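Here are the chains, one letter per residue:
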Amino acid sequence: IKNSNAISKDQSGCRFIQKKIEEKPELAGKILNNALQNIIQIITDPFGNYLIQKLFDYMSEEQICQFIALIQIDIYKICINSYGTRVIQKIIDYLHTELLLKTFLNLIKPIVKQIILDINGSHILIKLIEINSPTATKVIYGEIAENIVLISMHKHGCCVLQKCIERAAPKEQHQLFSLLLYHCKEL
């Protein structure tokens, strides 16, 4: 357990730790506590990210809130990282309560525009749209409405916009269509 951080950055070591957690779930808390010291490096590691994703299966709501608070400073760096984005998408699978969802949305709200335009970050927003929570979609739709031209004309932003249109309630669809029509000459 003491070497779990270093071992998690090796493919075989990461698989070994995951297997040990499955065999002895009580190890998950100890490994998580050890990982917290180097959490950003592990989240953005090609193999370490798998360990973090596995640990979510064993985290309580309180631990997930603590985890979200811990990554707050580096959230943009994590979201645009090809491995970090997978961890953030995994967090979304565990946002089962309104408290967790609001905590997570407060974390990403300041960077929604930037991650809409990123190849990795855009997947996070698409996943949030797919959970079909009015609380989550309000944040995303608001940012899109404010930046409709930029987002519509951007390769990754356009994908997020399309997903929004597919999943939007009629009122939100109407708002998005109205904005697109208003800017149709620019587009």
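The rules behind each value
- Numbers given to residues run from 1 along each chain, matching the order in which its sequence is written.
- In keeping with the predicted nature of the model, local features appear solely for residues at pLDDT of at least 70, side-chain atom pairs appear and are counted solely at 80 or more, and the whole-chain, interface and lining totals rest on all residues.
- Water and hydrogen atoms were dropped before computing side-chain values, which therefore reflect all heavy atoms in the structure.
- Classification of ring pairs uses Phe, Tyr and Trp, with its six-membered ring standing for Trp, and accepts pairs whose centres are within 6.5 Å; under 30 degrees between planes counts as stacked, over 60 as edge-to-face, and the remaining range as tilted.
- Starting at the N terminus, helices and strands are each numbered in turn, a helix being any DSSP run of H or I of at least four residues and a strand any DSSP run of E of at least two.
- Each residue is assigned to one of three classes by its accessible area relative to the maximum for its type, calculated with a 1.4 Å probe on protein chains only: buried under 20%, partly exposed between the two thresholds, exposed over 50%.
- Joining through side-chain atoms within 4.5 Å is the link that ties buried Ala, Val, Leu, Ile, Met, Phe, Trp, Tyr and Cys residues into a set, and such a set is a nonpolar core.
- Two residues form a contact once any of their heavy atoms are found within 4.5 Å.

Peer 1: Could you clarify how one ought to interpret the packing of aromatic side chains in this entry?
Peer 2: Any aromatic ring pair is given by two values, namely how distant the centres are and how the planes are angled relative to each other. Summed over the entire model, instances satisfying the criterion amount to 2 aromatic pairs. Plain terms: the ring middles of Phe56 and Phe67 are 5.1 Å apart, the flat faces sit at 80° to each other, and that makes the pair edge-to-face. Of this pair, Phe56 sits in the loop between α5 (48-55) and α6 (61-71) while Phe67 sits in helix α6, and the two are 11 residues apart along the sequence. Accessibility expressed as a relative area gives 0% for Phe56, which makes it buried. With a centroid separation of 6.0 Å and 25° between ring planes, the pair formed by Phe56 and Tyr94 is classed as stacked.

Peer 1: I keep staring at the nonpolar core and nothing clicks. Help me out?
Peer 2: Counting residues in each nonpolar core, the largest one holds 61 residues, and the members touching the most others are Ile52, Phe67, Ile71, Phe104, Ile108, Leu128 and Ile144. With 6 residues, the top contributor of residues to this core is helix α9 (residues 98-108). Excluding anything up to four places from it in sequence, Phe104 contacts Ile68, Ile88, Ile91, Ile92, Leu95, Ile124 and Leu128.

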